[in-house]
Amino acid sequence: MVYVTSFRCFRCSRQYKPEEIEKLPIPRCSNCGSALDAEYDYSSIRKIILRDDFMRDKPAHWKYWAFMPVKDLSKIITMGEGGTPLLENIRLWKKGRLLIKYEASNPTGSFKDRGSSLEITKALEFGKRKVALASTGNMGASVAAYAAYAGLECTVFIPDIVGKEKLTQIKAYGAKTIMVDGDYSVAMTEAENFVVSNPDSFLTGDYPWRSEGTKTLGFEIADQLYWRIPDHVVVPVGNGTLIWSVFEAFRELVLVGITDRIPRIIGVQVENCDPVVHAWENELGEIIPVKDPQTVATAIACGDPIDGLAALRAIRESGGEAVRVSDKEAMSARDMLASNGIFVEPSGAVAYAGIIKKKLAGTVVAVATGHGLKDMIGIK
Ligand SMILES: *Cc1c(COP(=O)(O)O)cnc(C)c1O
């Protein structure tokens with residue numbers, strides 16, 4: 001059932017066998033510490049995928065199981081994630097055809113559920129009873145829910161930026177919360193240290209498993225457009241995992257012969273936390289971290305993005321671009337979406353704000369990542 005052949009480092013290109021990665025407490029390159037990308041046996045996947053029923057079946061997260069590293073499909077942990085609507089409200093955009101991938105309709109209200117479904121499935125496959133992670137809120141809520149559903153204990157390391165609705169949601173699922181004195185990067189280091197000293201715990205977060213699960217967002221966009229490729233897909237960038245996963249999904253569809261091109265992938269960040277935009281504008285090969293970022297878009301306040309290099313590659317290889325918007329523009333985009341029936345948190349409106357800023361024409365997909373009920377800042 002598993003078509004993963006190897007993992008490759010984003011920075012130094014070192015290759016690993018899947019068994020080597022599965023043994024690591026922190027699944028990163030042991031040579032240079034960078035993020036890893038899974039590689040598959042695409043000719044085998046192709047045999048499964050190029051069938052009429054696959055092409056016609058309703059889009060849903062586990063429909064794309066062949067592109068995920070799961071050994072036993074009878075043991076997956078799923079709460080009905082994915083299969084989210086691609087909304088079209090013509091009042092929102094006049095310069096092109098705007099479609100909004102509304103990820104708020106996932107079980108815990110954000111796209112993070114796609115990655116969590118796969119991560120918790122892997123935690124069980126590896127025989128773990130506990131999970132731990134650092135989170136700006138949504139991933140914590142998502143992993144806490146899936147862990148609780150599967151009967152696993154969950155510990156969340158929480159940086160100082162997390163809002164009260166998200167903290168409440170994490171606690172509601174019964175997760176243990178540890179407040180960290182510092183930003184997301186500090187919380188991440190604490191979560192990683194925790195897993196190294198607690199070997200019965202499985203580290204969830206923006207590591208290869210999550211990224212493989214998040215790809216289904218990209219598969220669904222193509223599927224919902226009857227396998228026609230849009231001109232632009234616009235995505236908010238925090239750690240960069242989402243944008244990489246969306247790019248990877250479109251790339252894999254080309255590799256298995258379903259589609260013949262990749263859309264321009266556009267990454268949007270906010271002014272006070274823009275390390276990927278900065279690297280893109282200055283054509284850098286490394287990401288320069290931003291310390292203690294402060295923004296209303298708390299879900300993308302990742303000053304030192306784990307998948308920053310991957311995000312850059314997605315933007316460059318797709319001929320896309322990186323865009324910076326202000327907090328004010330993000331809030332105004334949030335209000336505009338909400339007043340047209342689509343309620344998202346500030347980070348969920350950043351893609352739409354980027355589309356307005358760049359006046360994008362053609363068929364444009366905005367990924368609206370998280371539910372408005374999660375952070376109602378500024379609503380009177
Ligand atoms: C996690 C998250 C993002 C950013 O995703 P990354 O994979 O960290 O780049 C954007 N919006 C919301 C609502 C999120 O929860």
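1. A closer look at the domain arrangement of the protein
At step 1: On domain assignment, one finds that the protein holds domain 1 (4-59), domain 2 (86-111 + 210-374) and domain 3 (112-206).
At step 2: Between the C-alpha centres of domain 2 and domain 3 the distance comes to 23 Å.
At step 3: Listed as interface residues are 31 residues of domain 2 and, on the opposing side, 26 residues of domain 3.
At step 4: Roughly 2,400 Å² of surface becomes buried between domain 2 and domain 3 when both sides are summed, with 45% attributable to carbon and sulfur atoms.
At step 5: When residues of domain 2 are sorted by the area they lose upon contact with domain 3, Thr-108, Arg-210 and Lys-374 head the list and together hold 34% of the total.
At step 6: With a shortest N-O distance of 2.7 Å, Arg-210 and Glu-119 are connected by a salt bridge.
At step 7: Between the two partners, domain 2 and domain 3, sit 21 residue pairs in polar contact (both at pLDDT 80 or more).
At step 8: Elements supplying a minimum of two residues to the side of domain 2 that touches domain 3: helix 8 (208-214) and helix 9 (216-224).
At step 9: The element best represented in the side of domain 2 that touches domain 3 is helix 8, accounting for 4 residues.

2. Some remarks on the site of the ligand
At step 1: Taken together, 16 residues sit near the ligand, with Lys-112, Asn-138, Gly-238, Asn-239 and Thr-369 positioned nearest.
At step 2: With respect to the ligand, the backbone of Leu-242 contributes an N or O atom lying 2.9 Å from an oxygen atom.
At step 3: For the shell around the ligand, a count of residues per class yields 6 nonpolar, 8 polar and 2 charged.

3. Structural notes on helix 7 (residues 184-197)
At step 1: When the terminal C-alpha atoms of helix 7 are compared, their 20 Å separation across 14 residues agrees well with the 20 Å that a helix rising 1.5 Å per residue should span.
At step 2: Of the surrounding secondary structure, the elements contacted by the buried residues of helix 7 are strand 6 (130-134), strand 7 (153-158) and strand 9 (201-203).
At step 3: Measuring from the backbone nitrogen of Ser-185 back to the side-chain oxygen at the start of helix 7 gives 3.2 Å, which picks out Asp-183 as the cap.

4. Concerning the packing of aromatic side chains
At step 1: Applying the stated criterion across every chain yields a total of 12 aromatic pairs.
At step 2: Between the aromatic rings of Trp-244 and Phe-247, the centroid separation amounts to 5.4 Å while the plane-to-plane angle is 45°, which identifies the pairing as tilted. Highlighted residues: Trp-244 and Phe-247, both in helix 10 (residues 241-255), separated by 3 residues, approximately one helical turn. For the pair Trp-244 and Phe-247, a shared accessibility class is recorded, and that class is buried.

5. Topic: the environment of Glu-317
At step 1: Mapped onto the elements, Glu-317 comes out in helix 12 (residues 308-317).
At step 2: The exposure class of Glu-317 is exposed, given its relative accessible area of 51%.
At step 3: Along the primary structure Glu-317 and Arg-28 are separated by 289 residues, whereas in three dimensions their C-alpha atoms are 23 Å apart.

6. Focus on the sheet that holds strand 11 (residues 264-270)
At step 1: With mixed pairing, the 6 strands of this open sheet are ordered in space as 4-5-13-10-11-12. Of all the strands in the sheet, just strand 4 (86-87) and strand 12 (321-325) have a single pairing partner and so form its edges.
At step 2: In this fold helix 9 packs onto strand 4, strand 5 (96-102), strand 10 (232-236) and strand 13 (362-368), with an angle of close to 135° to the strand it touches most, strand 5.
At step 3: The sheet contacts of helix 14 (residues 346-358) involve strand 5, strand 10, strand 11, strand 12 and strand 13, and relative to strand 12 the element is tilted by about 105°.

7. Thoughts on the pairing of strand 13
At step 1: Counting buried positions along strand 13 yields 5 of 7 residues, so the element is predominantly enclosed.
At step 2: The pairing of strand 5 with strand 13 spans 7 bridges and is classified as parallel. The residue of strand 13 that forms the bridge with Lys-101 is Val-367.
At step 3: Pairing geometry for strand 10 and strand 13, over 3 bridges, is parallel. Note on strand 13: the bridge partner recorded for Val-234 is Ala-366.

8. Quick notes on unusual backbone geometry
At step 1: In this structure, Tyr-226 is a non-glycine residue whose phi angle is positive, near 55°.
At step 2: With respect to the secondary-structure elements, Tyr-226 resides in the loop between helix 9 and strand 10.
At step 3: You will see that Lys-359, though not glycine, has its phi angle at about 50°, which is positive.
At step 4: Summarising the element assignment, Lys-359 is placed in the loop between helix 14 and strand 13.

Conventions and cut-offs
Residues numbered from 1 in each chain as written. Predicted model: local features only at pLDDT ≥ 70, side-chain atom pairs only at ≥ 80, totals over all residues. Heavy atoms only, no water. Domains from an automatic or database assignment. Contact = heavy atoms within 4.5 Å. Buried area = accessible area lost by both parts, 1.4 Å probe. Salt bridge = Lys/Arg side-chain N within 4 Å of Asp/Glu carboxyl O. Polar contact = N/O pair within 3.5 Å; in protein donor to acceptor, adjacent residues only side chain to side chain. Helix = DSSP H or I, 4+ residues; strand = E, 2+ residues; numbered from the N terminus. Near = heavy atom within 4 Å. Nonpolar A, V, L, I, M, F, W, Y, C, P; charged D, E, K, R; others polar. Expected span 1.5 Å × (residues − 1). Phe/Tyr/Trp six-rings, centres within 6.5 Å; stacked < 30°, edge-to-face > 60°. Buried < 20%, exposed > 50% of the residue type's maximum accessible area, 1.4 Å probe, protein only. Pairing = 2+ DSSP bridges. Axes fitted to C-alpha atoms, helices over the stretch in contact; angles between N-to-C directions.

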